[in-house]
Amino acid sequence: MLASYEEALAAVLAAVPSLPARAASFGADGAIEAGARFPLALARDVAAAADVPGADVSTREGFALRAEGVQGELLLRVVRAGGAITAGNPAPEGFTLGRGEAVRVTTGAAIPAGADCVAPEEWCEYSVADGVVRVVPQQQLQAGVFVARAGSDVARGSVVARRGMQLTPGVLAAVASAGCASFWVTPPPRVAIVSTGDELVPAGGTLRPGSIYASNAVQVAAALRRAFGVTECASDFAPDSESAIRDCVARHLGDCDVVITCGGVWGSERDLVLAALSGIPGFRLLFHRVKLGPGKSAAFGVYDLDGGSRRVPVFCLPGTPTANQAALMLLALPGIAKMTGASAQPFFRLRLPLLHDVGRGKGTGWVQVFSGNVCAGVDGGSAVSCRNDRRESRLAHMAAQDCLVVVGADKGDLHAGSLVDVILQL
């Protein structure tokens, strides 16, 4: 019995394990030190080690002063306080600004005692010879004007980055600015890709009569790199032999977190992957065949190893390139994202209107996937163009796409302007 796409995805998400977290830190050069594999996401919330900013600071270049009793134009005596107060160089210890006085400050400088606001330099005329500054306020000067209070950006102990956030430059900057030298991360998974079939020849090899160049493993490895930063995959080939497939998978089980097989799951006498997997102790098949077009023959199972202390998911993807891609994007990658703890989907998703009518091909109850391209819509906004001509081995057509269009199981034929789910591959 075919599983619905929703049932299959739910089974994947419920069964995949979480990858083990490990400690990471910033090196002297600012780079992350976390072992050989660059981490993907935060494994735990990160709390600020200190207030940011650590003191009341100026948000503008100008003059710090006391706002009490200030009305209209001012003429203030400039106190040098050893020179301008700059970021990282506060006023001398014991210094206090008096009434009718001002002191030069730069952006980020700590506000000295006695001052409570800043007049930006464009409001000021400073006479060095006379030692006075004329201030013409362009708004009411009151306490807190152009001042960032201590802890106003981040308060000590507050969460600055949450578990599951991918380690984007912005997230890393937030972690560092909050004084967190060490934190817990999830590394990218170790993945073994096993391509099956007597007909497969690695790219660059010599084709035999009836053989083809293998492309699915390349597609899978590229998607893993784009989505999760996986830079190394153990890629292997096995002929159409149950024992050869079994031995190939068994070789990788000890040192990988995920196994992805390509081909050999349709169900003919030459499709031996599931039988081979079942020949290794600890395997449990959770589903085979999904109402996903293309991608119907996809299967998924898990190995529970080392007395049940370690689980390795196995995604069995079809061999036809478009079906391989659909099952990879809609089943395998969401499952691996769950393993990493990443809170975001591995590829950006949005909803766009169709540029033209699209016939489903299959009836309702099936999730269907079409190649597409984001383009300009009739109203000047973005739209998506797709076709339901899924001639299954059209690799050149796959290369020209920049997105996948996903049509839900409850949708019939779609007309121009209908909103559809789009998975960007840019």
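Above this note sits the structure.
What comes next is a walk through the structure. (Residues numbered from 1 in each chain as written. Predicted model: local features only at pLDDT ≥ 70, side-chain atom pairs only at ≥ 80, totals over all residues. Heavy atoms only, no water.)

The next point concerns the pattern of salt bridges. Per the stated rule, a full pass over the model turns up 14 salt bridges. As a salt-bridge pair, Arg-60 and Glu-122 come within 2.0 Å of each other at their nearest N and O atoms. A residue pair is termed long-range when its members are at least 10 positions apart, and Arg-60 in the loop between β5 (57-58) and β6 (62-65) and Glu-122 in the loop between β9 (117-120) and β10 (124-127) qualify at 62 residues. With relative accessibility at 28%, the residue Arg-60 sits in the partly exposed group. With a closest N to O distance of 3.0 Å, Arg-351 and Asp-421 form a salt bridge. One end of the pair, Arg-351, is in strand β24 (residues 349-353); the other, Asp-421, is in strand β28 (residues 419-424), and 70 residues separate them in sequence. Owing to a relative accessible area of 48%, Arg-351 belongs among the partly exposed residues under this scheme. (Salt bridge = Lys/Arg side-chain N within 4 Å of Asp/Glu carboxyl O. Helix = DSSP H or I, 4+ residues; strand = E, 2+ residues; numbered from the N terminus. Buried < 20%, exposed > 50% of the residue type's maximum accessible area, 1.4 Å probe, protein only.)

Moving on, we come to unusual backbone geometry. In this structure, the amide linkage connecting Val-52 to the following residue, Pro-53, adopts the cis form with an omega of -5 degrees. Position of Pro-53 among the secondary structure elements: in the loop between β4 (46-47) and β5. In this chain, Gly-293 is followed by Pro-294 through a cis amide linkage whose omega measures -10 degrees. Structurally, Pro-294 is set in the loop between β21 (292-293) and β22 (299-305).

The next subject is the nonpolar core. Counting 47 residues, the largest nonpolar core has Leu-224, Phe-228, Ile-260, Phe-315, Leu-330, Leu-331 and Leu-333 as its most contacted members. It is helix α6 (residues 321-340) that contributes the most residues to this core, 11 residues altogether. Ignoring anything within four residues of it in the chain, the contact list for Leu-330 reads Tyr-5, Leu-9, Leu-292, Val-367, Val-369, Val-406 and Ile-423. (Core = buried A, V, L, I, M, F, W, Y, C linked by side-chain atoms within 4.5 Å. Contact = heavy atoms within 4.5 Å.)

The next subject is the packing of helix α1 (residues 5-15) against α6. Relative orientation of the contacting elements α1 and α6 amounts to 30 degrees, with a least axis distance of 9 Å. Put simply, α1 runs roughly parallel to α6. Considering how the two elements wind past one another, α1 and α6 form a crossing that is right-handed. Counting all contacts with α1, which are made through Tyr-5, Ala-8, Leu-9, Val-12 and Leu-13, the residues of α6 involved are Leu-330, Leu-331, Pro-334, Gly-335 and Lys-338. (Axes fitted to C-alpha atoms, helices over the stretch in contact; angles between N-to-C directions. Parallel < 35°, antiparallel > 145°, perpendicular 65-115°, else oblique. Left-handed = near helix turned anticlockwise from the far one by under 90°.)

This next bit is on the packing of helix α3 (residues 216-228) against α6. When two helices pack together, their arrangement is given by the angle between their axes and by how far apart the axes lie. The geometry of α3 relative to α6 is characterised by a closest axis approach of 11 Å and an angle of 35 degrees between their N-to-C directions. In the crossing of α3 with α6, the sense of the turn from one axis to the other is right-handed. Facing Asn-216, Gln-219, Val-220, Ala-223, Leu-224, Ala-227 and Phe-228 of α3, the residues of α6 in contact are Pro-321, Asn-324, Gln-325, Leu-328, Leu-333, Ile-336, Ala-337 and Thr-340. Residue classes in the contact of α3 with α6 are distributed as 10 nonpolar, 5 polar and no charged. (Nonpolar A, V, L, I, M, F, W, Y, C, P; charged D, E, K, R; others polar.)

As summarised here, the arrangement of the 6 strands in space is β9-β6-β8-β7-β11-β10, forming an open sheet in which the pairing is mixed. In this open sheet, the two strands that pair with only one neighbour each are β9 and β10. Mean inter-strand twist for the sheet, computed between neighbouring axes without regard to direction, equals 35 degrees. (Pairing = 2+ DSSP bridges.)

Another point: α6. Because each turn of an α-helix spans 3.6 residues, side chains separated by three or four positions in sequence point in the same direction. Along α6, the helix axis deviates most sharply at Leu-328, where the bend reaches about 45 degrees. Burial analysis of α6 places 19 of its 20 residues in the buried class, which makes it a mostly covered element. Just downstream of α6, Gly-341 is the residue with a positive phi angle, here 80 degrees. (Bend = angle between axes of the 7 residues up to and from the residue.)

This part is about the sheet that holds strand β1 (residues 22-26). By definition, the strands of a sheet pair up through backbone hydrogen bonds, in either a parallel or an antiparallel sense. Ordered by their spatial adjacency, 4 strands build an open sheet running β2-β1-β14-β3, and the pairing between neighbours is antiparallel. Two strands bound the open sheet, and with one partner strand each, they are β2 (32-33) and β3 (41-42). The pairing of β3 with strand β14 (residues 182-186) spans 2 bridges and is classified as antiparallel. Counted as the bridge partner of Leu-42 is Val-185 from β14.

Nothing here speaks to function; it is geometry throughout.
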